[in-house]
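Analysis of the macromolecular model
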Amino acid sequence: MRLSSPTGPGATRQERADKLRRERAVALTMRASFPAVQQVRLELQFGGTPNEPAAQAHVLHPPARAFFDFPCPYADCDGHFDLSDAVNGTLSVSARQSAGVLGCNGLRSRDRASKQPCQLQLNYRIIATY
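The sections below set out a description of the structure shown in this document. (Residues numbered from 1 in each chain as written. Predicted model: local features only at pLDDT ≥ 70, side-chain atom pairs only at ≥ 80, totals over all residues. Heavy atoms only, no water.)

1. Topic: the state of the cysteines
Stated formally: Disulfide assignment relies on a single distance test, namely cysteine sulfur atoms paired within 2.5 Å. Accessible area is worked out with a 1.4 Å probe on protein chains only. A residue is then buried under 20% of its type maximum, exposed over 50%, and partly exposed in between.
What the rule picks out here adds up to zero disulfides. Here Cys-72 is not cross-linked by a disulfide; its sulfur's nearest cysteine counterpart is in Cys-77, at 3.7 Å. Of the residues examined, Cys-72 reaches a relative accessible area of 0% and is grouped as buried. Here Cys-118 stays free of any disulfide, with the sulfur of Cys-77 as its closest cysteine sulfur at 3.8 Å.

Right, here's the structure in full:
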């Protein structure tokens, strides 16, 4: 018997949140991954859709987990924004800042039949203090 993936279209928001929580729990700390970093601030601004979610900011200190995957803020969407490559790229070259744009990779429940992607865009900024 094959079980459904916790990130597939049949997974509930709670199952996806549990998966992210487990992945965060096993991630190394910021101190272990980036010893020279004192603080990382992630500023997340959303756009591209009507009724855009509020902006978010996350500040990570050395004891925090080096985990940079965030669920789409729409409750009915199964997507996420993985900033791991962007953060790792920024911190590995000791850059103070970087910015970019990512699109949500998920489907919203209202659009599941048409397979229309979420279309939410994330404008992110990474600010590092060494």
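2. A look at the packing of aromatic side chains
The following threshold applies: When two rings of Phe, Tyr or Trp (its six-membered ring) have centres within 6.5 Å they constitute a pair, described as stacked for plane angles under 30 degrees, edge-to-face for angles over 60, and tilted for the intermediate range. Secondary structure counts use DSSP, requiring at least four H or I residues in a row for a helix and at least two E residues in a row for a strand, with both numbered from the N terminus. Here, a charge over a ring means that NZ of Lys or CZ of Arg falls within 6 Å of the ring centre while also lying within 35 degrees of the ring normal.
Using the criterion set out here, one finds one aromatic pair in the structure. With 6.0 Å between their ring centres and 50° between their planes, Phe-46 and Phe-81 make a pair best called tilted. Remark: Phe-81 occurs in strand β4 (residues 80–82) and Phe-46 occurs in strand β1 (residues 39–47); sequence separation between them is 35 residues. Each member of the pair Phe-46 and Phe-81 is classed as buried. When the ring centre of Tyr-74 is taken as origin, the NZ or CZ atom of Arg-108, which lies over that ring, is 3.7 Å away.

3. Side note on the pairing of strand β6 (residues 121–129)
Note the cut-off: The pairing criterion is simple: DSSP has to find at least two bridges between the two strands.
Alternating residues of β6 divide into Leu-122, Tyr-124, Ile-126 and Ala-128, all buried, and Gln-121, Asn-123, Arg-125, Ile-127 and Thr-129, none buried. Pairing geometry for β1 and β6, over nine bridges, is antiparallel. When the bridges of β6 are listed, Phe-46 appears paired with Leu-122. Here seven bridges tie strand β5 (residues 97–103) to β6, and the two strands are oriented antiparallel to one another. Looking at β6, one finds that Leu-102 is bridged to Leu-122.

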